[in-house]
Amino acid sequence: MSDCVFCKILNKEIPSTFIYEDDVCFAINDINPKAKKHILVIPKIHVESLNEVEDLSLIKDLFSAIKKINKQEGIKEFKTLINTGKKAGQEVFHLHIHILSD
């Protein structure tokens, strides 16, 4: 999607440092962290929200990436968060999972 900030980051239109990347997703630090470590795990395909996920293997792949990211970053205790919809706090309408850890 042309106006999606995460798609623009993936396409190198907006500079960002990836802390993780594989064939399915990439991860970046949140620019407005709500915890000491606040990482966003973002699928490379544009899916607006959890409600639009048709292939549930995407969710498996994202959580597999979370395990790898946590190991890489030394995170042992954490929260994951998926906001779905504006009223639920979703600000960027491209599915992403927050990893929050102190």
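Residues numbered from 1 in each chain as written. Predicted model: local features only at pLDDT ≥ 70, side-chain atom pairs only at ≥ 80, totals over all residues. Heavy atoms only, no water.

Participant: I'm lost on the pairing of strand E2 (residues 25–29) in this one. Help?
Facilitator: Regular strands place their side chains on alternate faces of the sheet. Taken across its five residues, E2 has four buried, putting it largely inside the fold. Where strand E1 (residues 20–21) meets E2, two bridges bridge the pair, whose relative direction is antiparallel. Each residue of the ladder has a partner; that of Glu-21, found in E2, is Phe-26. Linkage of E1 to E2, two consecutive antiparallel strands, is achieved through a turn of three residues. Strand direction decides the pairing type here: E2 and strand E3 (residues 37–43), joined by five bridges, are antiparallel. From the neighbouring strand, Ile-28 faces E3, where its bridge partner is Leu-40. (Buried < 20%, exposed > 50% of the residue type's maximum accessible area, 1.4 Å probe, protein only. Helix = DSSP H or I, 4+ residues; strand = E, 2+ residues; numbered from the N terminus. Pairing = 2+ DSSP bridges.)

Participant: Explain the packing of aromatic side chains here, please?
Facilitator: For any two aromatic rings, the description comes down to two numbers: the centre-to-centre distance and the angle of the planes. Scanning the model with the defined rule gives one aromatic pair in all. Relative to Phe-26, the ring of Phe-18 lies with its centre 4.6 Å away and its plane at 15°, an arrangement referred to as stacked. With respect to class, Phe-18 is no different from Phe-26; both count as buried. Over the ring of Phe-18 we find Lys-12; its NZ or CZ atom is 4.3 Å from the centre of that ring. (Phe/Tyr/Trp six-rings, centres within 6.5 Å; stacked < 30°, edge-to-face > 60°. Lys NZ or Arg CZ within 6 Å of the ring centre and 35° of its normal.)

Participant: It is not clear to me how the nonpolar core should be interpreted in this structure. Could you clarify?
Facilitator: The nonpolar side chains of soluble globular proteins are, as a tendency, buried together. Ala-27, Ile-39, Val-41, Leu-62, Ile-69, Leu-95 and Ile-99 are the most contacted members of the largest nonpolar core, which totals 18 residues. Counting only elements with at least two residues in this core, the list comes to E2, E3, helix H2 (57–73) and strand E5 (97–101). Sorting elements by how many residues they give to this core places H2 first, with six residues. When neighbours within four sequence positions are excluded, Ile-39 is seen to be in contact with Ile-19, Ala-27, Ile-28, Asn-29, Asp-30, Ile-69, Glu-73, Ile-75, Ile-97, His-98 and Ile-99. Residues Phe-6, Phe-18, Ile-28 and Ile-42 belong to the second largest nonpolar core, which totals nine residues. (Core = buried A, V, L, I, M, F, W, Y, C linked by side-chain atoms within 4.5 Å. Contact = heavy atoms within 4.5 Å.)

Participant: In this structure, what is going on with the layout of surface pockets? I would like to understand it.
Facilitator: If a probe as big as a water molecule is rolled over the atoms, it shows which places are left empty. Taken as a whole, the largest pocket spans an internal volume of roughly 500 Å³. Residue assignment for the lining of the largest pocket shows that the elements contributing at least two residues are helix H1 (5–10), E2, E3 and E5. If you tally residues by element for the lining of the largest pocket, the top one is H1, at three residues. Classifying every residue of the lining of the largest pocket gives eleven nonpolar, ten polar and three charged. (1 Å grid on protein atoms, 1.4 Å probe; cavity = no way out; pocket = protein on both sides within 12 Å on 5 of 7 lines; lining within 4 Å. Points joined across faces, edges and corners; volume = space filled by probe spheres on them. Nonpolar A, V, L, I, M, F, W, Y, C, P; charged D, E, K, R; others polar.)

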